[in-house]
Protein chains: 2
Amino acid sequence: MSNLSDAVLSVIHGRKSVRSFKDGGKAIPQEMLDAIVKAAFAAPSAMNLQPWHFIVIDNRSVLNALGDGLPYAKMLYNASAAIIVCADTKISELSWELDCSAASQNILLSVEAYGLGAVWTALYPQKELTLFVKKLFHLPENIIPLNVIPIGYPNGEEAPKDKYTPQKVHVNEW
Amino acid sequence: MSNLSDAVLSVIHGRKSVRSFKDGGKAIPQEMLDAIVKAAFAAPSAMNLQPWHFIVIDNRSVLNALGDGLPYAKMLYNASAAIIVCADTKISELSWELDCSAASQNILLSVEAYGLGAVWTALYPQKELTLFVKKLFHLPENIIPLNVIPIGYPNGEEAPKDKYTPQKVHVNEW
């Protein structure tokens, strides 16, 4: 194994859903936040259509307003930032969910690599949550928010899960 | 920046869709292939339902049979292996596309980290392609194959794209 594969696999396996943050939402260095967003753009997409948009939130009152309306994302109150992964459904009607999910995973792995923590809180396909965010940000009709990813300094409560299940690996046949 | 974030970001940005392989499908070391599959299991999933299954193919005739029926995956003839990412739609009716896409991205990044090459060739939501694979592997009704990811030794023809588009980054408002 190379050092590169060791590093990448350690981050892939070390990633966990971090829902509790410390340091009261201390700012994430701008260059780190920029790098995390840029990583999202490096995901593959069907026919290279790149149907994604990203709303980066680092304003306290916007983070709180988002938390107010999202029952499963109350950690936004203690988060330092958040990224909403959106899709332009006019650009890729059929595959935007897949493309934006791959982009989301790049975000989560970059966050983990920086020693930060994050969690994918789902909006789509829950209509109420999706609509709340669409209204809050006055999103155009063709823009669907897939998720909100709060990011912050993990307080160490969460550990990664070992989810490997050999019964789900099929070799050359089902 | 730490060495860890440097390594992970270099692999995220270095990943490219590799469609041409060299070395005539030379076998990938088993421990590498195992590690690539295990990385897929480390993805997050909605309510931690883990709706995925993986078919790992390293048998020449199975790779070729798959290539015969998939017009956009002819690189299977020269691939060393392939992974079909499948979903059990009974386990997660609404979010399996997202979960299995995150798992697919873990596969692609692990492959890149090992210096191998791969490409996400879509099955779902194309009915004919999905059906072909369902029949070839006699998949149960509730199992949907999302994609086929051929893996091999890249011949160096493909380079990563810089897809960063500042206009798609929105800060605190749309």
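This report concerns the structure included in the present document.

As for the overall build of chain A
Looking only at helices and strands, chain A has five helices and seven strands in total. Going from the N terminus to the C terminus, chain A shows its helices and strands as α-β-α-β-α-β-α-β-β-α-β-β. Here chain A has a C-alpha radius of gyration of 17 Å; the compact-globule value for 174 residues is 16 Å, and the two agree. Restricting to contacts in chain A with at least 6 residues of sequence separation, those with at least 24 account for 79%.

Some words on the relation of the copies chain B and chain A
Expressed as a screw operation, the relation of chain B to chain A combines 0.0 Å of axial shift with a rotation of 180°, fitting to an RMSD of 0.0 Å. What the superposition gives is, in effect, a two-fold axis relating one chain to the other. Of the residues that chain B buries at the interface, 100% are likewise interface residues in chain A, meaning the two copies contact each other through the same surface.

Observations concerning the pairing of strand 6 (residues 143–154) of chain A
Residues and elements named next belong to chain A. Of all 12 residues that make up strand 6, 11 are buried, and the element is covered over most of its length. The pairing of strand 1 (residues 21–22) with strand 6 spans two bridges and is antiparallel. In the sheet register, F21 faces strand 6, and the bridge partner there is P154. Bridge count between strand 3 (residues 81–88) and strand 6: eight bridges; the pairing is antiparallel. Residue pairing in the sheet places A81 in a bridge with I151 of strand 6.

Considerations on the interface of chain B and chain A
Contacts between the two partners involve 59 residues from chain B and, on the opposite side, 59 residues from chain A. Top element by residues in the side of chain B that touches chain A is helix 4 (residues 96–113) of chain B. It accounts for 11 residues. Considered class by class, the residues forming the side of chain B that touches chain A number 36 nonpolar, 16 polar and seven charged. Pairing geometry for strand 2 (residues 52–57) of chain A and strand 7 (residues 169–171) of chain B, over three bridges, is parallel. Bridge pairing in strand 7 of chain B links F54 of chain A to V169 of chain B.

What about the environment of I84 of chain B?
All names here are of chain B. The topology assignment puts I84 in strand 3 (residues 81–88). Its 23 C-beta neighbours within 10 Å are what place I84 among the buried residues. Considered as a pair, I84 and G69 are 15 residues apart in the sequence and their alpha carbons are 14 Å apart. Those residues in contact with I84, other than ones at most four positions away along the chain, are I55, V133, P145 and V148.

Concerning helix 4 (residues 96–113) of chain A
Residue and element names in this part refer to chain A. In this model helix 4 runs 26 Å from its N-terminal to its C-terminal C-alpha over 18 residues, within 8% of the 26 Å that 1.5 Å per residue would give. With 18 of 18 residues buried, helix 4 lies mostly within the body of the structure. One or two residues past the end of helix 4 sits G115, with phi positive at roughly 80°.

Some words on the packing of helix 2 (residues 30–41) of chain A against helix 4 of chain A
Residue and element names in this part refer to chain A. Put simply, helix 2 and helix 4 touch, their axes get as near as 7 Å, and they point 145° apart. Taken as a pair, helix 2 and helix 4 cross one another with a handedness that is right-handed. Here A35, I36, A39 and A40 of helix 2 come into contact with helix 4, specifically with A103, N106, I107, S110 and V111.

Cut-offs and rules
Residues numbered from 1 in each chain as written. Chains lettered and ligands numbered in written order. Predicted model: local features only at pLDDT ≥ 70, side-chain atom pairs only at ≥ 80, totals over all residues. Helix = DSSP H or I, 4+ residues; strand = E, 2+ residues; numbered from the N terminus. Rg over C-alpha atoms; globule rule 2.2 N^0.38 Å. Contact = placed C-beta atoms within 7 Å. Least-squares fit on C-alpha atoms with pLDDT ≥ 70 in both. Buried ≥ 20, exposed ≤ 12 C-beta atoms within 10 Å, placed from the backbone. Pairing = 2+ DSSP bridges. Nonpolar A, V, L, I, M, F, W, Y, C, P; charged D, E, K, R; others polar. Expected span 1.5 Å × (residues − 1). Axes fitted to C-alpha atoms, helices over the stretch in contact; angles between N-to-C directions. Left-handed = near helix turned anticlockwise from the far one by under 90°.

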